[in-house]
Amino acid sequence: MKFNTNMNWKAIVSFSFVAASFLSFGQEGENLVPNGSFESKEKSPKRLGSIANATDWSSPTGVRADYFTPSKVQDIGSPDNIYGSEDAKDGSNYIGLTAFSYGNKVPRSYAMTKLEAPLKKGLKYCVKFN
């Protein structure tokens, strides 16, 4: 049996290209953040600073993050609220943080949650904020 070496070479190159294409695209890993879309809530918020109403979320300081959800209370509504209008990326709820204030006139607010599993040493992780 005679092999066409030119054909084998093309097959190897084609296979290598396909394999490299699959490897070059980022693989979606496990999402370690519980309730990342803030859709699950303990109870409906009634005022600004109600991050603790979102299941698994809290603020580590005395300045609480805001939790926006469709509500009769105009200040905390979603998509329309006291700060304007913003659609949630996923679902209908989202949070608001104060990351910067000119002259530090308004204190910063933070949100935190416990990850579903501990991070492993030596692995690289991708963090996205949408």
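Note: the structure precedes this text.
Scoring rules and cut-offs
- Residues numbered from 1 in each chain as written.
- Predicted model: local features only at pLDDT ≥ 70, side-chain atom pairs only at ≥ 80, totals over all residues.
- Heavy atoms only, no water.
- Helix = DSSP H or I, 4+ residues; strand = E, 2+ residues; numbered from the N terminus.
- Buried < 20%, exposed > 50% of the residue type's maximum accessible area, 1.4 Å probe, protein only.
- Contact = heavy atoms within 4.5 Å.
- Areas by Shrake-Rupley, 256 points an atom, 1.4 Å probe, with all protein chains shown as cover.
- Phe/Tyr/Trp six-rings, centres within 6.5 Å; stacked < 30°, edge-to-face > 60°.

Visitor: Tell me about the overall build of the protein chain, and please be specific about residues and values.
Guide: Along the protein chain, the regular secondary structure elements total one helix and four strands. Its helices and strands taken in sequence order, the protein chain reads α-β-β-β-β from the N to the C terminus. Within the protein chain, buried positions represent 22% of all 130 residues. Considering only intrachain contacts with a sequence separation of at least 6, the fraction spanning at least 24 residues in the protein chain is 48%. Carbon together with sulfur atoms contributes 57% to the accessible area of the protein chain, which is approximately 10,600 Å² in total.

Visitor: Can you tell me about unusual backbone geometry, naming the residues and giving the values?
Guide: Omega for the peptide link from Ser 78 to Pro 79 comes to 10 degrees, which places this bond in the cis form. You can see Pro 79 is positioned in the loop between strand S1 (66-68) and strand S2 (80-81). If you check the backbone angles, Phe 38 has positive phi at about 65 degrees while not being a glycine. Residue Phe 38 is classed as buried on the basis of its relative accessible area of 10%.

Visitor: How would you explain the packing of aromatic side chains if you had to name every residue and give the values?
Guide: All told, the structure shown has three aromatic pairs when counted by the stated rule. Geometrically, the ring pair formed by Phe 68 and Tyr 94 is tilted, given 5.3 Å between the ring centres and 35 degrees between the ring planes. Within this pair, whereas Phe 68 is found in strand S1, its partner Tyr 94 is found in strand S4 (residues 94-96), the two being separated by 26 residues in sequence. An aromatic cluster of at least three residues, connected via ring pairs, comprises Phe 68, Tyr 83 and Tyr 94.

Any functional reading would require information beyond the geometric quantities listed.
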